[in-house]
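The lines below spell out each chain.
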Amino acid sequence: MLAYQLRIAWKSLRRSPAHTLIVGGGIALGVAVSTLFATVRHSFAKDPIPDKSAVLYNVRMDTWGPVDPYPGGKPPPQVTYQDMVALMRSDIPARQTGTFKASLYVFPDPRVGRPRRELVRLCFSDFFPMFEVPFRFGGPWDRAADRTAERVVVLSDEMNERLFGGEDSVGRSVRIEDREFRVVGVLDRWRPGVKFYDLTQNPVDVPEPIYMPFAHMVAMQLESSGNSDGWRSPPMAGFAGLLASEQTWILLWVELSSADQVGRYRAFLDAYALEQRKAGRFQRKLDNRVTPVRDLMVEADVMPKEADAMVAVSLLFLLICALNLIGLLLGKFLARAAEIGVRRAMGARRLDVFMQHLLECELIGLAGGAIGLALSFGAIAVVNLWAKSIISRGDFLAMDWAMAGFAAGAAMVAGLVAGLYPAWRVCRIAPAVHLKAQ
Amino acid sequence: MELGPILRAIRRNKARFGLIAVEVALTLAVVVNCIALIADARAQMARPSGFPDDDLLTVSSAPFDAAFKEPGYQQAALRADLDALAALPGVAVVTSTRLIPWSGGGSSGEYRQAGAGDAAPMLRSQIYNADERTLDALGVRLVAGRTFTREEVDRDTRRLQEITIHPRELGSDGRPVDKFLQDVVVTRAWAEHVFGPGPHLGRLFQDSDGDQYRVLGVFDPFYNPYGWPIHEYAVFYARRSSSYENGTRYLVQAEPGQASALARTIEETLTRVNRLRAVEVSRVTEIRYLYFGRQRMVAGLMGLVAVLLVVVTGLGLVGLTSFLVSERTRQIGTRRALGASMVDIVRYFLVENWLLMSIGIAMGVGLAVALNLALVSSIASARLDPITVAAAAAALWLLGLASALVPALRAARTSPAVATRSV
Amino acid sequence: MLQMKNVVKVYRTEIVETHALSDLSIHVRAGEFVAVMGPSGSGKTTFLNVAGLLDGFERGEYLLDGVDVRKLGDGEKSRIRNKKIGFVFQSFNLIPDLDVFDNVDVPLRYRRLPAGERRDRIHRALEQVGLASRMRHYPSQLSGGQQQRVAIARVLAGDPVLILADEPTGNLDSLMTHEILDLLERINEQGTAIVMVTHSAECAAHAHRQIHLRDGRVAELDEPPSLVRGREAGLVPGLG
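Residues numbered from 1 in each chain as written. Chains lettered and ligands numbered in written order. Predicted model: local features only at pLDDT ≥ 70, side-chain atom pairs only at ≥ 80, totals over all residues.

All right, on to the overall build of chain C then. Within chain C one finds eight helices and 10 strands. Expected size for 240 residues packed as a compact globule is a radius of gyration near 18 Å; at 18 Å, chain C falls within 12% of this value. In terms of its C-alpha atoms, chain C occupies a principal-axis envelope of roughly 50 × 40 × 35 Å. Taking all 240 residues of chain C together, the buried fraction comes to 47%. Of all intrachain contacts in chain C linking residues separated by at least 6 positions in sequence, the fraction that spans at least 24 positions is 73%. (Helix = DSSP H or I, 4+ residues; strand = E, 2+ residues; numbered from the N terminus. Rg over C-alpha atoms; globule rule 2.2 N^0.38 Å. Buried ≥ 20, exposed ≤ 12 C-beta atoms within 10 Å, placed from the backbone. Contact = placed C-beta atoms within 7 Å.)

On to the overall build of chain B. Within chain B, the secondary structure is distributed over 12 helices and 11 strands. Against the 2.2 N^0.38 benchmark of 22 Å for 423 residues, chain B shows a C-alpha radius of gyration of 34 Å, more extended than a compact globule. By principal-axis analysis of the C-alpha atoms, chain B measures approximately 110 × 55 × 35 Å. Burial statistics for chain B: of 423 residues in total, 41% are counted as buried. Relative to all contacts within chain B whose residues are 6 or more apart in sequence, the contacts with residues 24 or more apart total 82%.

To continue, consider the nonpolar core. Ranked by size, the top nonpolar core spans 185 residues in total, and within it Ala-414 of chain A, Leu-28 of chain B together with Val-195 of chain C carry the most contacts. If near-sequence neighbours (up to four positions away) are discounted, Val-195 of chain C is found in contact with Leu-2, Val-28, Val-34, Val-36, Ala-51, Leu-162 and Leu-164 of chain C. Met-159, Val-184, Met-217 and Leu-252 of chain A belong to the second-largest nonpolar core, a separate cluster that totals 61 residues. (Core = buried A, V, L, I, M, F, W, Y, C linked by C-beta atoms within 7 Å.)

Let us now look at the domain arrangement of chain B. Domain boundaries in chain B define domain 1 (3-46 + 293-420) and domain 2 (98-240). The C-alpha centroid of domain 2 of chain B is placed 57 Å from the C-alpha centroid of domain 1 of chain B. (Domains from an automatic or database assignment.)

Before going further, it helps to examine the packing of helix α11 (residues 305-335) of chain A against helix α2 (residues 14-45) of chain B. Between α11 of chain A and α2 of chain B, whose axes approach to 10 Å, the crossing angle comes to 155 degrees. Relative to α2 of chain B, α11 of chain A is oriented roughly antiparallel. Every pair of crossing elements has a handedness; the one defined by α11 of chain A and α2 of chain B is left-handed. Across from Glu-306, Ala-309, Val-313, Leu-316, Phe-317, Leu-319, Ile-320, Leu-323, Asn-324 and Ile-326 of chain A in α11 of chain A, the residues of α2 of chain B making contact are Leu-19, Val-22, Glu-23, Leu-26, Thr-27, Val-30, Asn-33, Cys-34 and Leu-37 of chain B. In terms of residue class, the contact of α11 of chain A with α2 of chain B is made up of 14 nonpolar, three polar and two charged. (Axes fitted to C-alpha atoms, helices over the stretch in contact; angles between N-to-C directions. Parallel < 35°, antiparallel > 145°, perpendicular 65-115°, else oblique. Left-handed = near helix turned anticlockwise from the far one by under 90°. Nonpolar A, V, L, I, M, F, W, Y, C, P; charged D, E, K, R; others polar.)

So, about the sheet that holds strand β11 (residues 277-283) of chain B. All names here are of chain B. Strand order in the open sheet formed by four strands is β2-β10-β1-β11, with antiparallel pairing between adjacent strands. On the outer flanks of this sheet lie β2 (91-96) and β11, each paired with one strand and no other. Each adjacent strand pair in this sheet contributes to an overall mean axis angle of 20 degrees, direction not counted. Pairing between strand β1 (residues 56-63) and β11: seven bridges, direction antiparallel. (Pairing = 2+ DSSP bridges.)

The end-to-end C-alpha distance of helix α2 (residues 17-45) of chain A is 40 Å, a good match for the 42 Å that 29 residues give at a rise of 1.5 Å each. With respect to burial, α2 of chain A is a largely interior element, 21 of its 29 residues being buried. (Expected span 1.5 Å × (residues − 1).)

The next point concerns the interface of chain B and chain C. Every contact between the two is made by 23 residues of chain B and, on the other side, 26 residues of chain C. Of all the elements in the fold, those that place two or more residues in the side of chain B that touches chain C are α1 (3-12), α10 (329-337) and α11 (342-376) of chain B. Sorting elements by how many residues they give to the side of chain B that touches chain C places α10 of chain B first, with five residues. Split into classes, the residues belonging to the side of chain B that touches chain C amount to 10 nonpolar, seven polar and six charged.

Moving on, we get to the packing of α2 of chain B against α11 of chain B. Residues and elements named next belong to chain B. Running from N to C, α2 and α11 cross one another at 40 degrees; their axes reach a closest spacing of 7 Å. Regarding the angle of α2 to α11, the classification is oblique. Here α2 runs over α11; the crossing is right-handed. Across the contact of α2 with α11, the residue classes break down as 21 nonpolar, four polar and no charged.

Moving on, we come to the pairing of strand β5 (residues 152-155) of chain A. Moving residue by residue along a regular strand, the side chains alternate between the two faces of the sheet. Residues and elements named next belong to chain A. Burial along β5 is two-sided: the face carrying Val-152 and Val-154 and the face carrying Val-153 and Leu-155 are both buried. As paired strands, β5 and strand β7 (residues 179-187) are joined by four bridges and run parallel to one another. From the neighbouring strand, Val-152 faces β7, where its bridge partner is Arg-182. The pairing of β5 with strand β8 (residues 210-213) spans two bridges and is classified as antiparallel. Bridging from a neighbouring strand, Leu-155 pairs with Ile-210 of β8.

A few words on the interface of chain A and chain B. Contacts between chain A and chain B engage 42 residues on the former and 45 residues on the latter. Among the elements of the structure, α2, β3 (116-123), α11 and α13 (350-391) of chain A are those that each provide at least two residues to the side of chain A that touches chain B. In terms of residue count, the dominant contributor to the side of chain A that touches chain B is α11 of chain A (19 residues). Looking at the side of chain A that touches chain B residue by residue, the classes come out as 26 nonpolar, seven polar and nine charged.

Residue and element names in this part refer to chain B. In this fold, Thr-269 is placed in helix α7 (residues 259-273). By C-beta crowding, Thr-269 is classed as partly exposed, having 17 other C-beta atoms within 10 Å. For the pair Thr-269 and Ala-84, spaced 185 residues apart in sequence, the C-alpha to C-alpha distance is 7.3 Å.

Residues and elements named next belong to chain A. Tracing the backbone through its elements, the reader meets Ile-250 in the loop between α8 (238-244) and β9 (251-255). On the basis of neighbour count, Ile-250 is assigned to the buried category, with 22 C-beta atoms found within 10 Å. The spatial distance from the C-alpha of Ile-250 to the C-alpha of Phe-100 is 5.4 Å, given a sequence separation of 150 residues.

We now examine the sheet that holds strand β9 (residues 209-214) of chain C. Residues and elements named next belong to chain C. With respect to topology, six strands assemble into an open sheet ordered β6-β7-β8-β3-β9-β10, the strand pairing being mixed. Since the sheet does not close on itself, it has two edges, and those belong to β6 (85-88) and β10 (217-218), each with one partner. Across four bridges, the pairing between β6 and strand β7 (residues 162-166) is parallel. In the strand pairing of β7, Phe-87 is matched with Leu-164.

In this section: the environment of Pro-96 of chain C. Residues and elements named next belong to chain C. Considering the arrangement of structural elements, one finds Pro-96 in the loop between β6 and α3 (100-110). On a C-alpha basis, the gap between Pro-96 and Ser-140 in space is 7.0 Å, while along the polypeptide they are 44 residues apart. Setting aside anything within four residues of it in sequence, one finds Pro-96 in contact with Pro-139 and Ser-140.

Looking now at the confidence of the model for chain C. All names here are of chain C. For chain C, per-residue confidence averages 86 on the pLDDT scale, and 91% of positions sit at 70 or higher. Per-element averaging of pLDDT across chain C places helix α8 (residues 225-235) at the bottom with 40 and helix α4 (residues 115-129) at the top with 94. A low-confidence stretch, residues 222-240 (pLDDT under 50), is modelled with 17 contacts involving residues beyond four sequence positions or located in other chains. We note a pTM of 0.85 for the whole complex and an ipTM of 0.85 for its interfaces. (pLDDT = per-residue confidence, 0-100.)

All names here are of chain C. Looking at chain direction, strand β1 (residues 2-12) and strand β2 (residues 17-28) are connected through eight bridges and run antiparallel. Note that in β2 the partner of Tyr-11 across the bridge is Thr-18. In sequence, β1 turns back onto β2 through a hairpin of four residues.

With that settled, the discussion passes to unusual backbone geometry. Asp-220 of chain B connects to Pro-221 of chain B through a cis peptide bond whose omega is -5 degrees. Following the sequence through the fold, Pro-221 of chain B ends up in the loop between β8 (212-219) and β9 (234-238). One non-glycine residue with positive phi stands out, namely Asn-6 of chain C, at about 55 degrees. When you line up the elements, Asn-6 of chain C lands in strand β1. With a phi angle near 55 degrees, Asp-159 of chain C is a residue other than glycine that sits in the positive phi range. Topologically, Asp-159 of chain C is positioned in the loop between α5 (144-158) and β7.

If you want it as C-alpha cells, here you go:
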C-alpha cells in the first residue's frame, strides 16, 4: 500500500513540475537558512573533544585578596606559579599539565625568512596525550625532558611548512630567542573549532604553532602573553618576585578517569588550600573548582549570546516559509477535487486520501531538504570566507552529521507544517459533490 | 462599505483567512526583532572611543637582537624612533604608549576613595602610562584640568625607577610604610563612578597599598573595550614608557586625511632607522573594523533573513490570496450578476485583504513584543522601539495591498455569465 | 419592456464558431409572465445571459425598459442589473459564507442605500417569502426550496421591473416546485415582468404565454407542441 501511495505521489509531483519546484524551493530556502544558523551555533557549542571531554578537568582556586572578590565572584580562571608547582606534585591525576603562551622570536634559516615573533605554548609532556593532539612526524617529549628542561620543541604543521618546507624535520634545530631547540615532533593538521584548553583570550583562535617544555619559563624568564591577574604587588622585584607572587597566569588541567578520582583530587585541593591558609594565603572562603571541559565552555560564555537568538529567528523563518506554501498546496490539491471524488466513490477512506497527500508533501519536503542541505554547504562556505577576515581562520563553520540530521528533520517538519492543513481539507471533500461536476 | 458582511464571511472561514493573518503576524514579529538585533549591532559599532580613530595609527616595534637588552641602547633606540616619526610630514603628534584603541587589552588596577575604610568597595579601572604628549596624541577631549607637563612626567618616571632599584620598605600589614601622592588624569565616567557627580579636580583616591592619587585632569568620552566590564574607566599615570625589552608601541596622530599614506611610510622609515626589530603599522580604523567583526556578521545575517522573509511572505500572500479568490469564482459571478461593478469587486477583495492584514498586524505586534521580551532576556540592549514597529507594520500593510492587487484585478474580470453556468 | 430584434451571439473558439443566438427577436411587455422553452442547446441560457446583460452580443438590437444596451459601459450595465433586473438561478447561487439576511442584502449594498432602508426592505422581502424567522441561518442549514425562496427575497428586496429566472425549479422536488411557482405568480400579479427559462411544460403552464426557441431563434408558434417535444428528445440537429 505504501509503495502504491508513493508511486501515486511521485506521479502527481511530476505532473505539475513548476508547482513542485516552487514548493520544494520554498522548503529548500527555509532549510538552508535554518541549517546555516544552527551550524553557527553548533560550531560554538559542540563538544570539542568528545572522546575525553568527560575526563578532562580545569583547576581553579580562589587565591584572591580578602577584601573584594575576583570580578564576577568566581575564582580567577588561572592559577599562580607556586600553586601549579605544588599541585602538580599530586599523583592522583592520570595526566596533568600547566600551560601558558608566550610571544617569542623565532629565527628561521635566513634563506627561508626573517625573524618573527610567534606564539609559543609552554606545557608539560602530558599535554599532547591529554588533548589528543595528533602527530605526523615524531612525538611529544617525555616527562624526563620536562624535568631536565631539555631544549626540544614540537612544531605545528603550518610552522613546519614555513620553517622546513613540510619535510620530516625531527632532529633538526631551530633558534628561538637566544638558544637552539631540537625538533622532536611535528603535528598533523589540528584545528579544534574552539580552543577548549585556553578559553581566556580568543576561544576560536587556532592552536599555537610551537610547543616547548614548561621548564624553560624559568630558565629564559619568559612572561605570559596571555591574561595575567593579581590582587597585590609581588613580594619582591624582578622575575623571582613574579614566581613568588599572587599573579594568576597559568592554566592547569588534569585528567581524572573516575568519579572516585575526582573526589580524591577535590579533597587534595581542599587540604592544600587549608594548609596554605596557615601561611597567610587563601584568605577567602574555600572555593576550589574542578571543572570539566563543556562546563567550562559554558561558564566562559564561548557561544555569543546572539547565536541562540539567530537560531530562533531562523526556525521561525522556516515556519513562515512552510506556512507560505500552504496556499500553493491548497490550490493544487483542491483543483484535483474531481479525481479525489472518484477515488472516494471507489472506496478510498478519508484517512487514505489524507495520508496520500501528506506523503506527497513529505516527498517534496525531502527533495527540498536535500537541495536546502546543498545550499547550506554553499552558505557555510560563504560565511567562512567572510569570517576569515575577522577571526583569521576560514574553517570555523563545518557541516557534520549532526547538522545534516538537523537539516533532514527541519525539512520533514516543514513538509508537515505545509501539508497538514491542505491534506486535511482535501480529505474532507465528500465524493458526491464532485461527481456532479461533470 | 461592506465591512460587516466581509468580517462575518471571514469569521466563517477562520482557518483559511486565519492563515493570512498568522503569516503576517509571524512575519512582522520576526522582521521587527531582526531589526532590533541589527540596530543593537549598529549601535555598538557607532560607539565613539573618544579618540579621532580615523587619524590614529599604532606602531609596534618588536626587537629580536641582543643589542636591545642593554638599557642605554633601548633609550637611544626609543629616542631615534620618536624623532624619526615626529619628523615625517603629515604627522601631528607622536607618543610612546601601550594603549591601543579598540583592542581590549592592557593592565587594570583597583582603587577606592581616599579616606574610605578598608571595607569600602574597590573599583577597577584600566590603567595606562602617559607622557606629556600621549593624551594629545590620543586627541582626548579634556573637560576639566590639564594633562601632564614634562617635569611631572620626568619626576614620576624617576620615582618609579627608584622603586625598581630600591624596593619599598613594607610594614607589618604587608603594605609600604611610606605612601606617596601622585597626580593622575582620569576619565569622567571613572570619576563619577568613584566620587559621584563632579567637580572632581583635586579629589583624592587610593589603591590597596594606601598610595594616594589626585585628579589632575578629566576627559570624556572614553570607550576602550576590555576583558572586564570597565570599558569606560581609565586612569592615566604620568610615566614615560621606556622599556623596550619585550617590544614597544607608538601612537601616531596624523594630520587629517594623511593616515593611510603614512601607514606605508612609517614602516619604511622605522625599518631604515633600525633593522634589528620587526615593525608593524596598523590604522586604528582597521583595528576597530576587526573588533566589530561579530556585530557586522550579526547585522548582515539578520538583514539577509529579514529581506528573504519579506520576499517569501510577499510571494506567499500573492499565492494564498490568488487561491482564495479563485475558489470564489461562482460567488464573484453572482455578485456581478446582482449588480456589482468591476470596481465593487476590486474593492471587496482589497477591503477583505486590508481587514486580514490589520488582524494579522495587530496579532503581530503582540507577538513581536513577546518575542522581544524573550530576546531581551539574553541580549538586554536589543529592545524594540515603537517607531520601528510602526514602520514595519506600515510596510507590511503596503506589501499586503500590493500582493492582493493582482488577484483582485483578475477577480474583477470575471464574467457575470459565470452565474448562470451549470455547476 | 424587453425588446430584442435580430440579436446574434457567436461563441468563438480556435476551431469552431457557434451561433448560440441567430436572429433572435423577442418582445416582452411590462407585467407579462413569459416562459421561454426549448431543447438543450437551443440557446435558452445564452438568451438569458444576453437578456440579463450578463453577456454581450454581436449583432442586432436590444432595448431594455426603453434603453439601448449596446451603448452601455460595464458600470452602467451593472447599475441596470442592480436596479432593474432580478435573477433567480437554477442552483440558487446564495453566498455560502453569508447568512440569509446578508445574502438578501448583497444587491442593496451595491445600491448604496442607507442601513435603515436596507433593513426594512430585507425584512419585508423575507416576510413575503415566509422566511423571516430564518434571517440568521446559513444556506447550508436550509432546504433547496428554502434557499430558492431566499434567492427570490434577494430579488424582491431590490424591487426590479424584470425578473429573469433560469430553471428556477430545476433542482427542487415537486412540492417545492409548486411553492416557488406560486410565489412567482403572486409576484407577477403585483406588476413585475417575469421571463422564465424552463424545459418543463408543467412549469411553463404557470406563465401567460410561451416562447419556443430552436437553434438560437424563436421557433414558429404554429408548430404543434408535440412536435416540439419530439425535438426535445434529441432528434434535432442543433448545438453540440
